[in-house]
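Chain by chain, the residues run as shown.
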Amino acid sequence: MTREEPAFKIKTGNLSVLQLHILTTDMVQLKQELAQRLSQTPDFFASTPIVLELSAIAESDAVLDIAELVSFMLKQGMCAAGVVGGSVGQREDAIQAGLGLFPDVVARSPLRGATEEAFSVTGIHAAVVPVQPDLPGLDVVSASADKELVAPQIKPVPRPTMVIDKPVRTGQRIYAEGANLVVLAIVNAGAELIADGDIHVYAPMRGKAIAGAQGNEAACIFVHGMEAELLSIAGCFKVFEDGIPENVRAKPARVHLEGSRLVIQPLNY
Amino acid sequence: MAKVIVVTSGKGGVGKTTTSASFSSGLAMRGNKTVVIDFDVGLRNLDLIMGCERRVVYDIINVINGEVSLKQALIKDKNCDNLYILPASQTRDKDALNLEGVERILDELKESFDFIVCDSPAGIESGAFTAMYFADEALVVTNPEVSSVRDSDRILGILSAKSKRAVEGLEPVKEHLLVTRYDPKRVNSGAMLSVVDIQEILRIPLLGVIPESESVLQASNSGTPAIHLEKSDVAEAYRDVVGRFMGEDLPMRFINEKAGFFKRLLGGN
């Protein structure tokens, strides 16, 4: 070889990956539900690399036959590439099965409990982190490798937070594209707030709030007076046919995603 | 400097035309040169309520089309020396009202009048839009019920986003809330929203409360604006509204239930 250029380079790449959140240790149930879901959209995965998210079952420390699961997934067109989260034993099993380990960067609340569903794909985009304007600090589920080897890439400057200081009234829609949204005045029923990042409302919030509109599951909604018609984060939404729960009604509240569950917590201080 | 005031609501039948007639009469009774314009092309009513329907020869569309001069179309009010009416056309459709034509008329009226009151049609179509576009101030007429409040909220949103002042980035349209057909008895029994409830949603300054009264219907049918009625709550309430609009500090009346004879006798509240 007479080439002067090196045969390879190692670089950091911020890639978006699908995560399969595993919420049960019952492999029979998991496979059954996976097969059922995939039968509805057979070509949805098409050999896309998928990261197994094990944090929900880490505490159980159950021994999973990961190798068996990987080969089952492959038959379904899902190409397992690695794991994130999980107990020490589960992570060792993953290495044995030829999977990579992703650093456990996804901050999860210890409150998180197992949900009824075996895994969480709510609609197509729930667990997808699509290619979106990079928001430093927000893209916590991006999988990046070998950070030390190369100087970090220059990240694009995030868009400034959009601040609205006038009432948002019926029929009005505000979209903070690739940014967070802060509203300092009342948001009335029939109004719509949409942000790719977080939404903060420092007044009564009676309309719709759609945070993480491009799929950012780490997006949050903070509201000074919770009276919303609809709340949504990364495609998971909630309406309040029977009214807002008593403990947060017209009170300060925080809304975030735990798995596929939208959690509304009162802000007590 | 002449002021353009739009009387608007979104919802129909809440008392826009009744208010336009009484409010413009009240301004004129205080010595202000006032003109009231009916923007409800196709469904003209203002001339009936002002009792000048038999004197309508030309209308606003004739003026816009340059068929007659403004002077020829203006009708002098029978009750007030300082008040003129510019009627709507009953035979043309709403598209005949165009922004350029309306602006030309308003500019001409501004030369000889102190106040120009625009009676908006219901809805949010072009007629209502044209009526509010040039406004300096807005009287938002609302009934104490949720759908009316919701529609007023919508109108306020349009005023703050699409009026000439908003589009050109001038000082925003000054908004006033006028609650009409208010029945304190039904408010206390929970059948109607209270003034406090309405303000909590709309959050604009309250200009006045007009009580529900049989006399309004009688006044309309006899072609006399309600403000001219003798010994009537409605007339007094409208006079208060005009007084407050002119900057007087008057207490809110007619928002509490009238004490019955026995209650007064026994010294209840």
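Notes on the structure follow.

What counts as what
- Numbering of residues starts from 1 in every chain and runs along the sequence as written.
- Each chain takes a letter, starting from A, and each ligand takes a number, starting from 1, following the order in which they are written.
- Predicted model: local features are reported for residues with pLDDT of at least 70 only, side-chain atom pairs are reported and counted for 80 or more only, and whole-chain, interface and lining totals are derived from all residues.
- No hydrogens and no water enter the side-chain calculation; it runs on all heavy atoms of the structure.
- Numbering of helices and strands runs from the N terminus; a helix is a DSSP stretch of H or I covering at least four residues, while a strand is a stretch of E covering at least two.
- Only protein chains enter the calculation, and the probe is 1.4 Å; a residue is then buried if its accessible area is under 20% of its type maximum, exposed if over 50%, and partly exposed in between.
- Throughout, a residue-residue contact means that at least one pair of heavy atoms, one from each residue, lies within 4.5 Å.
- A helix's residues, less one, multiplied by 1.5 Å, set its expected span.
- The directions from the helix axis to the C-beta atoms are what the arc is built from.
- Classification of ring pairs rests on two measures: the distance between centres of Phe, Tyr or Trp rings, Trp counted by its six-membered ring, which must be within 6.5 Å, and the angle between planes, read as stacked under 30 degrees, edge-to-face over 60 and tilted in between.
- Throughout this description, the term charge over a ring refers to an Arg CZ or Lys NZ atom that lies within 6 Å of the ring centre and within 35 degrees of the ring normal.
- Lines are fitted to the C-alpha atoms to define the axes, a helix being fitted only along its stretch in contact, and any angle between axes, read from their N-to-C directions, falls within 0 to 180 degrees.
- Here the angle decides the label: under 35 degrees means roughly parallel, over 145 means roughly antiparallel, 65 to 115 means roughly perpendicular, and every other value means oblique.
- Note on convention: near helix rotated counterclockwise from far helix by under a right angle means a left-handed crossing. Clockwise means right-handed.
- Three classes are used: nonpolar for Ala, Val, Leu, Ile, Met, Phe, Trp, Tyr, Cys and Pro, charged for Asp, Glu, Lys and Arg, and polar for all others, with Gly counted as polar.
- Pairing between two strands is assigned when DSSP locates at least 2 bridges connecting them.
- The term buried area refers to how much accessible surface (probe radius 1.4 Å) is lost by two components on association, counted for both of them together.
- Throughout this description, the term salt bridge denotes a Lys or Arg side-chain nitrogen within 4 Å of a carboxyl oxygen of Asp or Glu.
- Nonpolar side chains (Val, Leu, Ile, Met, Phe, Trp, Tyr) are joined into patches within 5 Å and like charges within 9 Å, using only residues with over 30% relative accessible area and no salt bridge.
- Accessible areas in this description were obtained via Shrake-Rupley with a 1.4 Å probe; residue shielding takes into account the shown protein chains only.

Observations regarding the overall build of chain B
Then, in step 1: A tally of regular secondary structure across chain B gives 13 helices and 8 strands.
Then, in step 2: Evaluated residue by residue, chain B yields a buried proportion of 52% over its 269 residues.
Then, in step 3: Long-range contacts, defined here as pairs at least 24 residues apart, represent 75% of the contacts in chain B between residues at least 6 apart.

Topic: helix H5 (residues 99–112) of chain B
Residues and elements named next belong to chain B.
Then, in step 1: Helix length check: H5 (14 residues) gives 21 Å between terminal C-alpha atoms against 20 Å at 1.5 Å per residue, within 8%.
Then, in step 2: Turning to H5, its buried residues are Gly101, Val102, Ile105, Leu106 and Leu109. All buried residues of H5 project into a common sector of 130° when viewed along the axis, lining one side. Projecting away from the buried face of H5 at angles above 90 degrees are the exposed residues Glu100 and Glu111.
Then, in step 3: Elements that come into contact with the buried residues of H5 comprise strand E2 (34–38), helix H3 (60–64), helix H4 (70–73), strand E4 (83–86), strand E5 (115–119) and helix H6 (126–133).

Structural notes on the packing of aromatic side chains
Then, in step 1: By the definition in use, this model includes 5 aromatic pairs over all chains.
Then, in step 2: Ring centres of B:Phe115 and B:Phe245 lie 6.0 Å apart, and the angle between their planes is 65°; on these two criteria the pair is classed as edge-to-face. In this pair, B:Phe115 is assigned in strand E5 and B:Phe245 in helix H12 (residues 233–245), connecting sequence segments 130 residues apart.
Then, in step 3: Residue class for B:Phe245 comes out buried when judged on its relative accessible area of 11%.
Then, in step 4: On the basis of an interplanar angle of 50° and a centroid distance of 5.5 Å, the ring pair of B:Phe129 and B:Tyr133 is categorised as tilted. Placement of the pair is B:Phe129 and B:Tyr133 together in helix H6, with a separation of 4 residues, close to one helical turn.
Then, in step 5: Given a relative accessible area of 26%, B:Phe129 falls into the partly exposed group.
Then, in step 6: Taken together through their ring pairs, the aromatic side chains of B:Phe23, B:Phe115 and B:Phe245 make up a single cluster.
Then, in step 7: Geometry around A:Phe72 places A:Lys31 over its ring, the cationic atom sitting 5.7 Å from the centre.

Details of the packing of helix H1 (residues 16–29) of chain B against H12(B)
All names here are of chain B.
Then, in step 1: Orientation of H1 relative to H12, taken along the N-to-C sense of each, is 60°, at an axis distance of 9 Å. By the angle between their directions, the pair H1 and H12 is classed as oblique. Of the two possible hands of crossing, H1 and H12 adopt the one that is right-handed. Here H1 contributes Thr18, Thr19, Ser22, Phe23, Gly26, Leu27 and Met29 to the contact with H12, which in turn contributes Tyr238, Arg239, Val241, Val242 and Phe245.
Then, in step 2: Here the residues of the contact of H1 with H12 are counted per class, giving 7 nonpolar, 4 polar and 1 charged.

Some remarks on the sheet that holds strand E10 (residues 208–211) of chain A
Paired through backbone hydrogen bonds, the strands of a sheet run either parallel or antiparallel to each other.
Residue and element names in this part refer to chain A.
Then, in step 1: Taken in spatial order, the 5 strands of this open sheet run E6-E8-E10-E12-E13, and their pairing is mixed. Looking at which strands have only one partner, the edges of the open sheet turn out to be strand E6 (173–176) and strand E13 (236–239). Here the average twist between neighbouring strands, direction ignored, is 5°.
Then, in step 2: Strand direction decides the pairing type here: E6 and strand E8 (residues 192–195), joined by 4 bridges, are parallel. Opposite Arg173, over in E8, you have Glu192 as the bridge partner.

Overview of the interface of chain A and chain B
Then, in step 1: At the junction of the two partners, chain A supplies 11 residues and chain B supplies 12 residues.
Then, in step 2: With both sides pooled, the region where chain A packs onto chain B buries about 940 Å², and carbon together with sulfur makes up 44% of that total.
Then, in step 3: Linking chain A to chain B there are 2 salt bridges.
Then, in step 4: One salt bridge in this structure joins A:Arg169 and B:Asp153, with 2.8 Å as the shortest N-O distance.
Then, in step 5: Broken down by class, the residue content of the side of chain A that touches chain B amounts to 3 nonpolar, 5 polar and 3 charged.

A look at a nonpolar patch on the surface
Then, in step 1: Together, A:Val163, A:Leu184 and A:Tyr202 make up an exposed nonpolar region whose accessible area comes to about 300 Å².
Then, in step 2: Tracing the backbone shows A:Val163 in strand E5 (residues 162–164).

A closer look at unusual backbone geometry
Residue and element names in this part refer to chain B.
Then, in step 1: With phi around 55°, Arg181 is a residue other than glycine that occupies positive phi space.
Then, in step 2: Along the chain, Arg181 turns up in strand E7 (residues 174–182).
Then, in step 3: Overall, Arg181 belongs to the partly exposed group, its relative accessible area being 39%.
Then, in step 4: Here the phi dihedral of Phe254 falls at roughly 65°; this positive angle occurs in a residue that is not glycine.
Then, in step 5: Of note, Phe254 is situated in the loop between H12 and helix H13 (261–265).
Then, in step 6: You can call Phe254 buried: its relative accessible area is 18%.

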